[in-house]
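Given next are the chains, with one letter for each unit.
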Amino acid sequence: MSVEKVIDKSKQSKQEKLIGRHPADHVFFSKCIACEDLPTISTKIHRKLTELDKHKIICNIDLIIDYIIRHHLSYDDIERKRKILKGMGLERCSEKDWNLPSSDKTQKANFAEILLSEYLTSCSNLPLLVYRLRYNPNIDQSMKGDDVLLIEVNDFKKIIIGEAKLRTNPDKSVIEEIIKGVDNKKGLPISLSFIANIVQNENKKLAENIERLNSAISTEKINIVNVGFLLGNLNASNCIELYDDSHIDNPYNYNLLFISLGIDHPENLVTESFKLAVKTLNNQENGK
């Protein structure tokens, strides 16, 4: 007889109450990433992520490549592109041929967004309803809207909004940028209508409920959690500890959680990941 594990919510950290526990059995995050929920004070909620062992992430880069491909291309997209490229006689294709960004700045932005999306879904068990990067009209520009938007679709009483940044050498300005982004949106999601439009072909009822939520969100009692994700060098967590005062006299940031992930040379990881993603797509095309 199986025994369901009961979680004592009184012993949960503030971070766990907002987004859930760090995943214990995830194929990437539990294997490569260590988690520490730092003590919460009145002006700061911070989850610190670090690489379990040096080179652990790069040794599992194939998992990141899968994320990059899945977030930018559906299976139908890949098959359609293969047919087109084959008809054009192209055997070795570039990022743009595969609808992947070639711009260094956009690769970094998309990489941070993808990692945050995968992490928040694995912690919260809330679904990522739309892979929004598949719908970017300009692949070499960062997409507007919420970087990550997760919705509790059973009762529509919880929303997690994520804003992701990659800075090789983070400083106070990136913390201010994230906080300003939350302030400008008054802590509310701005991409609900976009998601409703995308899902309506497959689930009209869900689309209607999301539109209804969008209309009522400013008046109904909904648990909205904002997450600022900073991917940077090994100083990323210190940057947040030094500069995050997001909760001072700011009602929109009461549930603003910062997540830091510090690794050596994150920009190199991004470049290598996108390069290998293209190589993977090209090799799959040629049956390798």
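Structure: see above.
Residues numbered from 1 in each chain as written. Predicted model: local features only at pLDDT ≥ 70, side-chain atom pairs only at ≥ 80, totals over all residues. Heavy atoms only, no water.

Section: the packing of aromatic side chains
Thinking step 1. Per the stated rule, a full pass over the model turns up four aromatic pairs.
Thinking step 2. Seen in terms of ring centroids, Tyr-135 and Phe-194 are 6.2 Å apart; in terms of plane orientation they differ by 80°. Their pairing is edge-to-face. Taken together, the residues Tyr-135 in the loop between α6 (104-124) and β3 (148-151) and Phe-194 in helix α8 (residues 192-199) connect sequence positions 59 residues apart.
Thinking step 3. Owing to a relative accessible area of 40%, Tyr-135 belongs among the partly exposed residues under this scheme.
Thinking step 4. Linked through ring pairs, Phe-28, Phe-29, Tyr-67 and Tyr-119 together constitute an aromatic cluster. (Phe/Tyr/Trp six-rings, centres within 6.5 Å; stacked < 30°, edge-to-face > 60°. Helix = DSSP H or I, 4+ residues; strand = E, 2+ residues; numbered from the N terminus. Buried < 20%, exposed > 50% of the residue type's maximum accessible area, 1.4 Å probe, protein only.)

Looking at the nonpolar core
As a rule of thumb, soluble globular proteins bury nonpolar side chains together.
Thinking step 1. Counting residues in each nonpolar core, the largest one holds 52 residues, and the members touching the most others are Ile-19, Phe-28, Phe-111, Leu-120, Val-227, Phe-229 and Ile-259.
Thinking step 2. At eight residues, the largest contribution of residues to this core is made by α6.
Thinking step 3. Not counting chain neighbours up to four residues away, the residues in contact with Leu-120 comprise Ile-19, Asn-125, Val-148, Leu-150, Ile-160, Val-227 and Ile-259.
Thinking step 4. Ranked by size, the runner-up nonpolar core spans 17 residues in total, among them Ile-195, Ile-210, Leu-213 and Ile-217. (Core = buried A, V, L, I, M, F, W, Y, C linked by side-chain atoms within 4.5 Å. Contact = heavy atoms within 4.5 Å.)

So, the pattern of salt bridges
Thinking step 1. According to the stated counting rule, one finds 15 salt bridges in the structure shown.
Thinking step 2. Among the salt bridges present, the one from Glu-176 reaches Lys-172, with a minimum N-O distance of 3.9 Å. One end of the pair is Glu-176 and the other is Lys-172, both in helix α7 (residues 172-184) and four residues apart, which spans about a single turn.
Thinking step 3. The class for Glu-176 is partly exposed, based on a relative accessible area of 45%.
Thinking step 4. Taking the shortest distance from any N to any O, the salt bridge between Lys-275 and Glu-272 comes out at 3.3 Å. Of this pair, Lys-275 and Glu-272 both sit in helix α11 (residues 266-285), three residues apart, which is roughly one turn of that helix.
Thinking step 5. Look at the salt bridges and you will find they share partners, linking Glu-163, Lys-165, Arg-167 and Glu-177 into a network. (Salt bridge = Lys/Arg side-chain N within 4 Å of Asp/Glu carboxyl O.)

Thoughts on the sheet that holds strand β1 (residues 33-37)
Thinking step 1. Reading across from one edge, β1-β2-β6-β5-β4-β3 is the order of the six strands in this open sheet, with mixed pairing throughout. At either margin of the open sheet sits one strand with a lone partner, and together these are β1 and β3. The sheet shows a mean angle of 20° between the axes of neighbouring strands, direction not considered.
Thinking step 2. Of the strand pairs in this sheet, strand β5 (residues 223-232) and strand β6 (residues 256-262) are connected by seven bridges, and their pairing is parallel. Residue pairing in the sheet places Val-227 in a bridge with Leu-257 of β6.
Thinking step 3. Sitting on the sheet, α6 touches β1, β2 (46-51), β3, β4 (158-167), β5 and β6, and the angle it makes with β4 is about 145°. (Pairing = 2+ DSSP bridges. Axes fitted to C-alpha atoms, helices over the stretch in contact; angles between N-to-C directions.)

Brief notes about helix α5 (residues 75-87)
Thinking step 1. Over its 13 residues, α5 runs 19 Å from end to end, which matches the ideal 18 Å to within 8%, given 1.5 Å per residue.
Thinking step 2. Taken as a whole, α5 has its buried residues at Asp-77, Ile-78, Lys-81, Arg-82 and Leu-85. Down the axis, α5 shows its buried residues gathered within 130° of arc, on one side only. Counted as exposed and oriented over 90 degrees from the buried face of α5: Tyr-75, Asp-76, Lys-83, Lys-86 and Gly-87.
Thinking step 3. Within two residues after α5, Gly-89 carries a phi angle of roughly 75°, on the positive side. (Expected span 1.5 Å × (residues − 1). Arc of directions from axis to C-beta.)

Limitation: the analysis is restricted to geometry and does not speak to function.
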